[in-house]
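Next come the chains, spelled out residue by residue.
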Amino acid sequence: MEDLLKQIKDYKDEIAAYAANGEKSAEEFRIKWLGTKGLVKNLMIEMKNVPAEKKKEFGQILNEFKQFTEAKYEELKSSTSNLKPQASNLDLTLPGNSIPVGTRHPISLMANRIISIFQRLGFAVAEGPEIEDDWHNFTALNLPEHHPARDMQDTFYVQHLATGGTDWLLRTHTSNIQIREMQKGKLPIRIICPGRVYRNETVSARSHCFFHQVEGLYIDENVSFADLKQTLYFFAKEMYGQDVKIRFRPSYFPFTEPSAEMDISCMLCKGAGCNVCKKTGWLEILGSGMVHPNVLSNCGIDPNKYTGFAFGMGIERPALLKYGINDIRLFSENDVRFLKQFTSAV
Ligand code: PHE
């Protein structure tokens, strides 16, 4: 009897030391202690050797030991079941972990929309450098040094670290791309040039020191002002709706002659006059014109053989109008709450 009590105490110590270690170990524990040939069963068999007057006392101790062992088994089992979902605690109706999906920037949406309209007319996308030399941004575009029209675009000049030269700048328009394409000498040319441009302007809700443009260029034999108008009519109707009204106003750009600005009827007040169109009923959306012969010859193209038209528009303003945004600075603040609202340009 004394031996059995000592044995039970040792067993208890051994059992107490068990730690959860996966499903397999809980099952091994059950077989070793609670199985039909397990150690608890063995102790029960010993019962018959216990003197009659001690049977009751030993029976109680044994019972208590059995409960202790069973409790430990339950503990091991439940701690392992936490590791792996069981049919009973797996709720298939719960939503899965959502994967965050990004959204396109409203400026990209707008640019892509403009680009896709011109692509349908056979224009190809061309790109060029944002840090440009003075010649490609100004001189080649019929804006020689000291030309007063250079002041139309306040320019950021940059100093070249190696040479100290200051005839480098941040491009003020994407027309530099058009110059680079013309220099390649492969005609005809039918390109659109999207990109970021820089102007030294005070940052406010209405203007920024950088913004985005899409410019276009078409050069071939016999390209006329009628081609320019028809192309831009098509664009405006695709972009702003078939019932939009369109007008051309004479204008001046050094690189085009003649030049015209294109207005569309204000889509907010339908031409009646509101704050956005400054009570005029019209919104100015792009500049355009026939490429100046000087520009063609600056790029090695014979102006007696070829003619062409060019146009350029900002992307920010149509995007502000389209989405009803009242501050241009929001486009460059990287506020995800703002950015994730835009899923489509249509
Ligand atoms: N380059 C002009 C600008 O940045 C836009 C333009 C392009 C105008 C082509 C006429 C022809 O304002």
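Cut-offs used in this document
- Residues numbered from 1 in each chain as written.
- Predicted model: local features only at pLDDT ≥ 70, side-chain atom pairs only at ≥ 80, totals over all residues.
- Heavy atoms only, no water.
- Near = heavy atom within 4 Å.
- Polar contact = N/O pair within 3.5 Å; in protein donor to acceptor, adjacent residues only side chain to side chain.
- Helix = DSSP H or I, 4+ residues; strand = E, 2+ residues; numbered from the N terminus.
- Expected span 1.5 Å × (residues − 1).
- Buried < 20%, exposed > 50% of the residue type's maximum accessible area, 1.4 Å probe, protein only.
- Arc of directions from axis to C-beta.
- Contact = heavy atoms within 4.5 Å.
- Domains from an automatic or database assignment.
- 1 Å grid on protein atoms, 1.4 Å probe; cavity = no way out; pocket = protein on both sides within 12 Å on 5 of 7 lines; lining within 4 Å.
- Points joined across faces, edges and corners; volume = space filled by probe spheres on them.
- Nonpolar A, V, L, I, M, F, W, Y, C, P; charged D, E, K, R; others polar.
- Pairing = 2+ DSSP bridges.
- Axes fitted to C-alpha atoms, helices over the stretch in contact; angles between N-to-C directions.

> Before we go on, may I ask you to explain the site of the ligand in this structure?
The immediate surroundings of the ligand are formed by 14 residues, with His173, Ser175, Arg199, Gln213 and Glu215 found nearest. Within the contact set of the ligand, a nitrogen atom lies 3.3 Å away from a side-chain nitrogen or oxygen of Ser175. Separating a nitrogen atom of the ligand from a side-chain N or O atom of Glu215 is a distance of 2.7 Å. Of all the secondary structure elements, the ones that give two or more residues to the shell around the ligand are β6 (210-220), β9 (282-291) and β10 (307-314). Ranked by residue count, the leading element in the shell around the ligand is β10, at 3 residues.

> Explain helix α8 (residues 225-240) to me, please; I cannot follow it from the model alone.
Between its first and last C-alpha, α8 extends 22 Å over 16 residues, near the 22 Å set by a 1.5 Å rise per residue. For α8, the set of buried residues is Leu228, Thr231, Leu232, Phe235, Ala236, Met239 and Tyr240. Burial along α8 is one-sided: seen end-on, the buried residues are contained in an arc of 130 degrees. In α8, the exposed positions angled more than 90 degrees off the buried face are occupied by Ala226 and Gln230. On its buried face, α8 is in contact with α5 (106-120), β7 (246-253), β8 (256-265), β9, β10 and α10 (316-323). Among the residues trailing α8, Gly241 stands out with phi positive, at a value near 105 degrees.

> Is there a simple way to think about the domain arrangement of the protein chain in this case?
Think of interface size as the accessible area that goes away when the parts come together; that is how it is often given. On domain assignment, one finds that the protein chain holds domain 1 (2-89) and domain 2 (106-342). Centre-to-centre separation of domain 1 and domain 2, based on C-alpha positions: 84 Å.

> Can you walk me through the layout of surface pockets in this structure?
Reported here for the second largest pocket is a volume of approximately 260 Å³. Lining the second largest pocket are 17 residues, with His105, Ile107, Arg196, His212 and Glu316 positioned closest to its centre. At the level of secondary structure, the elements contributing two or more residues to the lining of the second largest pocket comprise α5, β5 (189-198) and β6. Here the residues of the lining of the second largest pocket are counted per class, giving 7 nonpolar, 8 polar and 2 charged.

> Where do I start with the pairing of β5 in this structure?
Note on strand geometry: in a regular strand, side chains alternate between the two faces of the sheet. The buried count for β5 comes to 8 of 10 residues, which makes it a mostly enclosed element. The sheet contact formed by strand β1 (residues 124-125) and β5 spans 2 bridges and is parallel. Opposite Ala124, over in β5, you have Ile191 as the bridge partner.

> Is there a simple way to explain the sheet that holds β9 in this structure?
The strands making up a sheet associate through hydrogen bonds between their backbones, and the pairing can be parallel or antiparallel. Taken in spatial order, the 7 strands make up an open sheet running β1-β5-β6-β10-β9-β8-β7, and their pairing is mixed. The open sheet is flanked by β1 and β7, the only strands paired with a single partner. Here β5 runs beside β6; their pairing, made up of 10 bridges, is antiparallel. Note on β6: the bridge partner recorded for Cys193 is Glu215. Against the sheet, α8 contacts β7, β8, β9 and β10, and its axis sits at roughly 150 degrees relative to β9. Docked against the sheet, α10 engages β6, β9 and β10, running at close to 155 degrees with respect to β9.

> Quick question: what am I supposed to make of unusual backbone geometry here?
Negative phi characterises most residues that are not glycine, and trans characterises most peptide bonds. Residues Leu187 and Pro188 are joined by a peptide bond in cis, for which omega reads -5 degrees. Mapped onto the fold, Pro188 is located in the loop between α7 (175-184) and β5. Here the amide bond leading from Glu257 into Pro258 is cis, since omega sits at -5 degrees, within 30 degrees of zero. Relative to the elements of secondary structure, Pro258 occurs in strand β8. Of note, Asn142 is a non-glycine position whose phi angle comes to about 70 degrees, a positive value. Looking at the secondary structure, you find Asn142 in the loop between α6 (134-137) and β3 (157-158).

> Hey, could you run me through the side chain of Ser175 in this one?
In this structure, Ser175 sits in helix α7. Residues contacting Ser175, with those up to four places away along its chain left out, are Leu141 and Glu215.

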